[in-house]
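Here are the chains, one letter per residue:
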Amino acid sequence: MCQGCFNRLFLRDELHSGGMAGLLGRAAGLPTRRAFVAYSVATASALTVGSASAFAADEGADLILRGGTIRPLAGSAVASALAVKGGKVLAVGDESALSALKTSSTRVVDLAGRTALPGLIDPHCHTLLASLIFELLDDVGYAKYPTRERLGAHLKQKAAETPKGQWIVGSNFDNLLQGGDFTLAELDAVSTDHPIFVWYTNGHDACVNSEALTIAGIPGDVGELPGGGHFGRGPDGKLDGMVYEESAMLKFAVHFLGKITPDVAAKAVADFTQHIASVGNTMLHEPGTIRSEWIEPFAKLSNTLACRTSASVMVDDVKGLAPYLGRGLGKGAPVGDSLFSLYGVKIVGDGSNQTETGAQTRPYLNSSAKGSPNFHPAEMKRMVAEVKALGLPVQIHCNGDYTIDIALDAIEAAYAGSTGHGVNRIEHSTMARPDQILRMKALGVQPSFLMNHVRLYGAAYRDQIFGTERAAFMDPAGACVKAGLPFTLHTDGPCSPPGPLALISTAVTRRCVIDNSVVGPDQAVSLDDAIRAVTIDAARQLGQGDRLGSLEKGKEADFTILETDPYKVSPDAIADIKVSETWVKGERKFAA
Ligand SMILES: [Zn+2]
Ligand SMILES: [Zn+2]
């Protein structure tokens, strides 16, 4: 749904012990440059000592993968063995040739016919927000409860299991896919003994029952709250259970969430990244919902997580990056000796097409509204120039084509002719026009597509939001291939379900699973192209193309092992391939 880019409910001070700045354990304020340099130097020297002794002890491989199919995305298309040493790829090739690297201490992993790919990367997932939702709320979304009947039965079951008076709280509810808004009467029929709060996956809306209104102390004549929060009313003028925007939802959240402590936040991220590993990802990039004061604590936390993490700060926090700049930080280099890196600066240019807040050059279907961008073109230019002045790339969220025009104008003005800053990205690029794909190619700008838009909302885009012709060019990956423009695929978690295989499958099939239709068949890409979009091209869009994204000598040994070779099933079945193992830096992080 793509509201994660600007969904801040969970980041409100009211929900955090010691305030939101302390989310990961720092009370407030920025780290001093001296403290950060001391941390980086201490961890880097520890790494050097450890590596040197490891190499002296043993000249062979630490680990050899054999007995299956390895698709390294470099050199030949298929290999039969992979050797790893010191967390890096030592060799890829024939099993017979690599057997010379086996010593008495080499660990051998038998693929037993399985397939290994380079570690799959999600280049746009709001890790912290998704972690808190994953940890603290019950997922009632479409992926788990595709029909209203199943969702209603689940809520009744929850009520039966939950002591009277305790909250029942659901998240990820999708009114577009799960039968429309809940009425107050419908939720009161689930229970009048429990307060119920169901949070929409669009991030902006929720629905509640009468008991929740009572506990939150919402009077029948409540008006608009400061910050724009408001409540829905039925034809009779009475509250209908709908709750709109953050300041209204916060009235309930303070009751059911309690205070989020740093320990709760750290456990949430650990549990979420374990789940992420189980769906095949070895790296997540968080665009913009991290704050600069969390960089150091997040780097420390990252070495305990089940996947690599990367992040960008939001443009309004760019001054907080100052202590970290230099030595490649902000352009993909790891923070100290951690599995955490920083890349670029995020700008949120408009809203969401599903809520018709993406800014377009033509009106939405059956409407005169075109949406409006979050910033005037001159303000966009000023912000992009500020990022360029730091030598960093931008990631600009643009769902509508008008916003893409503004973003590309600003990038052209600030970066024209310069190099060395990394890849400038247009996040989502959902409604990019053909001429904009060519302009991105000319400017060296790359798009990242939320391909679950096609998978889940393709029919809604076609029938309700844009019409057939424009929907056929949504998330136009095929046009990128024709133009020779690299692109990537992302989930925008928590706005769509985690998992790279559904993204790959949909990029190849363009299938909308809601009505089984194919949306924009001309924009389908090959399986090779789809896999590149979550491996090597994703690594390059995070400043890590020299370290990650393919399995070749000297690169980090990150890989994802699948039960079935995606080249040997129908493209629709790729989404259901079982993830068998994930490995990061030569260490197994997940095994089914
Ligand atoms: Zn976004
Ligand atoms: Zn986002």
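Predicted, not measured: the structure shown is a model, and the values here were computed from it.

Enquirer: Could you clarify how one ought to interpret helix α9 (residues 295-302) in this entry?
Expert: Think of an α-helix as 3.6 residues a turn; residues three or four steps apart then line up on the same face. Most of α9 sits inside the fold, with 7 of its 8 residues counted as buried. Among all positions of α9, only Ile295, Glu296, Pro297, Phe298, Ala299, Leu301 and Ser302 are buried.

Enquirer: How should the side chain of glutamate 286 be read in this particular structure?
Expert: Its place among the elements puts glutamate 286 in strand β13 (residues 281-290). Among the residues examined, glutamate 286 registers a relative accessible area of 2% and is labelled buried. In terms of polar contacts, glutamate 286 uses its side chain to reach the backbone amide nitrogen of threonine 127, at 2.9 Å. Contact partners of glutamate 286, with chain neighbours within four places excluded, come to Cys125, His126, Thr127, Leu128, Ser310, Ala311 and Ser312.

Enquirer: Looking at this structure, I do not really get the packing of aromatic side chains. What am I missing?
Expert: Two numbers describe a pair of aromatic rings. These are the distance of the centres and the angle of the planes. A complete count under the given rule lists 12 aromatic pairs for this structure. Centroid distance phenylalanine 197 to phenylalanine 256: 4.8 Å. Interplanar angle 45°. Geometry classified as tilted. Remark: phenylalanine 256 occurs in helix α7 (residues 246-256) and phenylalanine 197 occurs in strand β9 (residues 196-200); sequence separation between them is 59 residues. Given a relative accessible area of 18%, phenylalanine 256 falls into the buried group. With a centroid separation of 4.9 Å and an interplanar angle of 35°, the aromatic rings of phenylalanine 298 and phenylalanine 340 are classed as tilted. Residue phenylalanine 298 is located in helix α9, and its partner phenylalanine 340 is located in strand β16 (residues 340-348); the two are separated by 42 residues in the primary sequence. This pair shows no difference in class: phenylalanine 298 is buried, exactly as phenylalanine 340 is.

Enquirer: Just checking my understanding: could you explain unusual backbone geometry for this structure?
Expert: Trans is the common state for peptide bonds, and a negative phi is the common state for residues other than glycine. In the segment running from glycine 493 into proline 494, the intervening peptide bond is cis, with an omega of 5°. Among the structural elements, proline 494 can be located in the loop between β20 (488-489) and α16 (500-509). Of note, glutamate 245 is a non-glycine position whose phi angle comes to about 75°, a positive value. Mapped onto the secondary structure, glutamate 245 falls in the loop between β12 (239-244) and α7. On the basis of relative accessibility, which here comes to 29%, the residue glutamate 245 falls in the partly exposed class. Positive phi, normally seen in glycine, also occurs at aspartate 475, with a value near 45°.

Enquirer: Just to check I follow, could you spell out the pattern of salt bridges for this structure?
Expert: Opposite charge on two side chains makes pairing possible when the charged atoms of those side chains draw close. Applying the stated criterion across every chain, the model contains 32 salt bridges. The partner of aspartate 110 in a salt bridge is arginine 66, and the shortest N-O contact between them spans 3.5 Å. With aspartate 110 in strand β4 (residues 107-110) and arginine 66 in strand β1 (residues 63-70), the pair connects residues that are 44 residues apart, well separated along the chain. Residue classification places arginine 66 among the partly exposed positions, given a relative accessible area of 29%. A salt bridge links arginine 433 to aspartate 405; the shortest N-O distance between them is 2.9 Å. Placement of arginine 433 in the loop between β18 (424-428) and α12 (434-443) and of aspartate 405 in helix α11 (residues 401-415) is noted, with a sequence separation of 28 residues between them. The exposure class of arginine 433 is partly exposed, given its relative accessible area of 21%. When salt bridges with common partners are traced through the structure, they connect Lys88, Arg308, Arg547, Glu556 and Asp558 into a single cluster.

Enquirer: What is the right way to look at the environment of proline 262 in this model?
Expert: For proline 262, the location among the structural elements is in helix α8 (residues 262-278). The spatial distance from the C-alpha of proline 262 to the C-alpha of leucine 24 is 4.8 Å, given a sequence separation of 238 residues.

Enquirer: Honestly, the sheet that holds β12 in this entry has me stumped. Any pointers?
Expert: What the 6 strands build is an open sheet, ordered β7-β8-β9-β10-β12-β11; its pairing is mixed. Unpaired on one side and paired on the other, β7 (138-139) and β11 (230-233) mark the two borders of the sheet. Docked against the sheet, α7 engages β8 (168-173), β9, β10 (205-208), β11 and β12, running at close to 95° with respect to β12.

Enquirer: Honestly, the nonpolar core in this entry has me stumped. Any pointers?
Expert: The nonpolar side chains of a soluble globular protein tend to be buried, and buried together. Counting 125 residues, the largest nonpolar core has Phe197, Phe252, Val384, Ile396 and Ile426 as its most contacted members. Here this core takes 8 residues from α11, the largest share from any one element. The residues contacting isoleucine 396, other than those within four sequence positions of it, are Ile347, Met380, Val384, Ala407, Ile411, Arg425, Ile426 and Glu427.

Scoring rules and cut-offs
Residues numbered from 1 in each chain as written. Chains lettered and ligands numbered in written order. Predicted model: local features only at pLDDT ≥ 70, side-chain atom pairs only at ≥ 80, totals over all residues. Heavy atoms only, no water. Buried < 20%, exposed > 50% of the residue type's maximum accessible area, 1.4 Å probe, protein only. Helix = DSSP H or I, 4+ residues; strand = E, 2+ residues; numbered from the N terminus. Polar contact = N/O pair within 3.5 Å; in protein donor to acceptor, adjacent residues only side chain to side chain. Contact = heavy atoms within 4.5 Å. Phe/Tyr/Trp six-rings, centres within 6.5 Å; stacked < 30°, edge-to-face > 60°. Salt bridge = Lys/Arg side-chain N within 4 Å of Asp/Glu carboxyl O. Pairing = 2+ DSSP bridges. Axes fitted to C-alpha atoms, helices over the stretch in contact; angles between N-to-C directions. Core = buried A, V, L, I, M, F, W, Y, C linked by side-chain atoms within 4.5 Å.

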